[in-house]
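Structure assessment
What follows is each chain in one-letter form.
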Amino acid sequence: MKRQRSWWQLQARAAPYLFVLPFVLLFCAFQLYPLGRSLVISFYDTAGPRATRFVGLENYRYLLGDKLFWGALANTLYYAIAFLAVQIPASLGLALLLNSRKLKWRGFFRFAFFSTHLVGHVFVAVLFAALLSPRQGPVNELLSAILGRQVEIMWLTTPSLAMPAVLLAAWWLSIGYGMIYFLAALQAVDQSLYEAAEVDGAGRWAKFRHVTLPGIKPVLTFLIVVGMIGALQLFELPYVLFGGPGPNSRGVTVVMYLYLAGFELGNLGYASAVGWLLFVIIMGISIMQVRMMRMTRED
Amino acid sequence: MSFHLGKPIAVMILLAVVSGVLALRTPPVERADLRVWAFAGSHVRSFRNPDPATGVSLIGLYQQRTGRSVRVDQLATRALDIRLISLFMNDTIGDDVPDLAEIEIGSVGKFFRPPVDQVGFLPLNDLLERDGLLDQVVRARFAPWTKDGVIFGVPHDLHPVGITYRKDLFDQAGIDLAAAKTWAEFHEMCLAFVRYWREQGYPHRWALELPSSSGDYLTLMLLQRGINILDDRNNVYLDDPRVAETIAFYAQLVAGPKRVAGDATPGGHLWTQDIVRGDLCATITPDWRVGYLRTLAPALSGKVRLMPLPRFEPTDAPTSTWGGTMIAIARRAADTEAAWDLLKFLYFSNEGLRARQRETMILPPMRAHWADPAYHQDDPFFGGQKANELFIELADQIPPRYVTPFSVFGTQSLATVLNRATAYINERGADGLQEQVQRWLNEEAEHLRRRVAFGEFDE
C-alpha cells in the first residue's frame, strides 16, 4: 500500500515534466542548440563543411566597418519607421470606419482589405514589379492620365524611389492585417464607457482620446512591436522586387545582407555574426518601445 | 448535423484527415539510378522530350543503352543554389545529393569559396583528359567553372553576344545601324533615330534596351574590352581607367540629353514585348535570348537583324558573353563514374547535341559541332540573314570570363558607380564625368579589395 502510494506520488511529481518533455526536447534540438551553435560559429571563418578557422571578434569588427552593412541598416530603419508611421494610423482609421454600424457591406469590406495579407510577400513583389513597370505599368499610366503627359518614372531603378516602392507594396500588404487586430480591440472596448463619456459631454475626439485609445492600447503596443520586428526582418519583398540589392544597394536590408554573407559568400560564421547583431538591435528597439509605451500609460 | 467544437474545427479535422489519406495513398516517387538537377526549362526539355523521329527521349535512350534510369528535376535557379549549398555545407551523402547539377554562371561563384579540395563538385581535369575531351571544348569557356586550375564543370554553351535590332524601324528613320563599327558611331546613329521618332510623335521610342541602374550590361561591355572586374585570383580591376571610360559612356546612353536607351519592362520576358511594340528597338542578344524572341515575339519575324557589337577600340572583341551554364558532378554522388558517363552522353554525344539543337539552337562549345548544316541556314526570323553563322564567327572571339564569390559584389560596385554617374549627368551634364567616375571607382575598388581580403578563406 505504501509502495503504491509512493509510486503514485512519483508519477504525480514526474507527470508535468513528462508532459513538457517533448516540447523541451524539440526546443533544445531545433532552437537552443542552433542558437548556441550560431553564437559559437560567429567567432569562426567558415567555408564548406570542414574548413573553419577561429577569428575571434574579427567578423564583428569587419561587420561594424562595412559600409554595405550600415547602408543596409539605414535602409531597414528607414523602411521600419516609414512603414509603421503609415500602417498603424491607416489600419486604425480603416478599423474605425469598418466598425461603424451605419456602414453597409462591412463583412465584405473587412474581407477585401484583409485579403491582401493572404497572398504573401513574393506574390505582392511580383505584382508590384508589374504595376510599377516604367512604360506599361498601371501606376505610371495613371499618373500620365492625371498629368496629361506621358511619364516614365523608373520606380524600381531610381535609388531614391527604391524604398518608397517597397513601402507601397508593404502597406498594401499589411494595412488590412493591422485593421483586423484593431477591429477586434475596438469591439472589446466597453460600450458603457462611451455612454458615460457622452453623458459627460465628450465630443468625438475626446471619446477617441480618452476611451478608444486607452482601450486598444495593448493591441496598439503589440502591433507596433510586432510590426517593428517584422520590418527589421524584411527580406523577400525587396529581394523579389529588385531581384537583388536594388539600385545603388538601396534595397539591401539587414536580413538580405545576412543572406548575401551566408549564401553568396558561403561564410556562415560571418552570417551568424550579422544575425546576432540583428538580434541585439531588435531586442534593444523592442525593449525601448515597450518602455516608452509603459511610460505613456503611466502618464 | 452538429459538431460540439463548432463547424470550423470540424472542417479543419476533415481536411487534415483527407490530406493525410491522400498523402498515404500517393505512390512514392520512383527512384532513379541517376539524378540530374537543372534550372533551365529548355535544357530539361532537351533531356526529357522525345525525339519526333524516334519517339524516344534523350534520357530514355540512355536507359536503353546502359540500363541505368535517369530522373531530371527542374528547380528554380535560387532553389537549386540554396539546396545544393546546404547539401554541400552539411557534407551530405546519399539520395538527397543529385549526381549531376546544372549551375548558372551568376551563381557559380558562391560554390567556389571553400578550398579546392572541399568544393562540393568533383574535379574533372583528369576525366576530361582521360577521355580526350579537353581539346574539344573552347578553352576560354572553362574559365568560369575553374578554381585554381581545377575544372569543376563542363560548359553547356558559349553565348556569344550580338545586337538584334528592328531593321524596319531603323530603315524608316533612314539609318543603317549595322554600319556602326564603334560605340561612338552607334551612339550617334541611335541619337538620330530617337530624334527622328520624337519628331514623328513617339517620345518614348528608344533605340536600345539598356538598364539604367544595373551592372550586368556594363560587365558585358567590359568583358568585350578584356576586363574582368575580378580575375580568377580575385585581383580587382575596378579602378582600371577603361572602366571609368566605359561607365561614363554607358551613363550617357541611359541618362541626360544624349540618352538613347530605355529600361526593359521588368518581370519574366516582358522585354520581348518592348521590342514588339517598338518601345525599345534594339537589344543586346546572346543566342539564348534569340530563342526567347523567336518563341515569345513571333511578330518580329523578318523585321529584325543581328549585328556584332560595336567596339570601343580596335583591339576590343566584336562580341562578349552573357549568361552560361555548366554541368557538374557532385563530389558526394553515389557513383561518380556513372555520373561522368551520363554527363558525357548529355553534353558530348551526337544525340545529346541534336536534342539540344532541337530545343534551343544554343551554340555548343564544341567546335567540331559548328559545321553542322543546321547552324548555316538562312534564318527567316532575321529576314534571311544567317544569324547562327554570325554567332559562330563571334564564338571564337569570346573573351574569358571569371567568376568568383566576390563577382556579385564587383557587379554591385559597378551599379553603384553607374547610378551616381547617371545622377551626375542629370544634374550637371557630362563635363568632368569621367574624372568623377574614376574617383568613385577608386573608392569602390578599395572597398572591394577589403571585402576580398576579409572574405577569402585562408587555411
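Residues numbered from 1 in each chain as written. Chains lettered and ligands numbered in written order. Predicted model: local features only at pLDDT ≥ 70, side-chain atom pairs only at ≥ 80, totals over all residues.

If you tally the helices and strands in chain B, you get 17 helices and 12 strands. For 459 residues, the compact-globule estimate of 2.2 N^0.38 gives 23 Å, and the C-alpha radius of gyration of chain B, at 25 Å, lies within 12% of that figure. Taking the principal axes of the C-alpha coordinates as reference, chain B spans close to 70 × 65 × 55 Å. Looking at chain B as a whole, 47% of its 459 residues qualify as buried. For chain B, restricting intrachain contacts to residue pairs at least 6 apart in sequence, the fraction spanning at least 24 positions comes to 77%. (Helix = DSSP H or I, 4+ residues; strand = E, 2+ residues; numbered from the N terminus. Rg over C-alpha atoms; globule rule 2.2 N^0.38 Å. Buried ≥ 20, exposed ≤ 12 C-beta atoms within 10 Å, placed from the backbone. Contact = placed C-beta atoms within 7 Å.)

Often the size quoted for an interface is simply the accessible area lost on bringing the parts together. Residues and elements named next belong to chain B. When cut into domains, chain B gives domain 1 (34-155 + 322-360) and domain 2 (161-320 + 400-455). Placing a centre on the C-alpha atoms of domain 1 and another on those of domain 2 gives a separation of 31 Å. Listed per partner, the contact involves 14 residues of domain 1 and 15 residues of domain 2. Tallied by class, the residues present in the side of domain 1 that touches domain 2 amount to 7 nonpolar, 5 polar and 2 charged. (Domains from an automatic or database assignment. Nonpolar A, V, L, I, M, F, W, Y, C, P; charged D, E, K, R; others polar.)

Let us look at the interface of chain B and chain A. Taken together, the contacts link 32 residues of chain B with 32 residues of chain A. Split by residue class, the side of chain B that touches chain A holds 14 nonpolar, 12 polar and 6 charged.

Residue and element names in this part refer to chain B. Structurally, Ala299 can be placed in the loop between α12 (287-296) and β11 (304-308). Look at Ala299 and you get exposed, because 12 C-beta atoms sit within 10 Å. In the structure, Ala299 is positioned 23 residues away from Val276 in sequence and 6.8 Å away in space, judged by C-alpha atoms.

We now examine the sheet that holds strand β2 (residues 70-74) of chain B. Residue and element names in this part refer to chain B. With mixed pairing, 5 strands are arranged side by side in an open sheet as β2-β1-β3-β12-β6. Two strands lie at the open edges of the sheet, namely β2 and β6 (154-155), each paired on one side alone. Pairing of strand β3 (residues 100-104) with strand β12 (residues 325-329), which is carried by 5 bridges, proceeds in the antiparallel orientation. Among the inter-strand pairings, Ala101 is bridged to a residue of β12, identified as Ala328. Across the sheet, helix α13 (residues 336-347) touches β1 (34-38), β2, β3, β6 and β12, and the angle it forms with β12 is around 155 degrees. (Pairing = 2+ DSSP bridges. Axes fitted to C-alpha atoms, helices over the stretch in contact; angles between N-to-C directions.)

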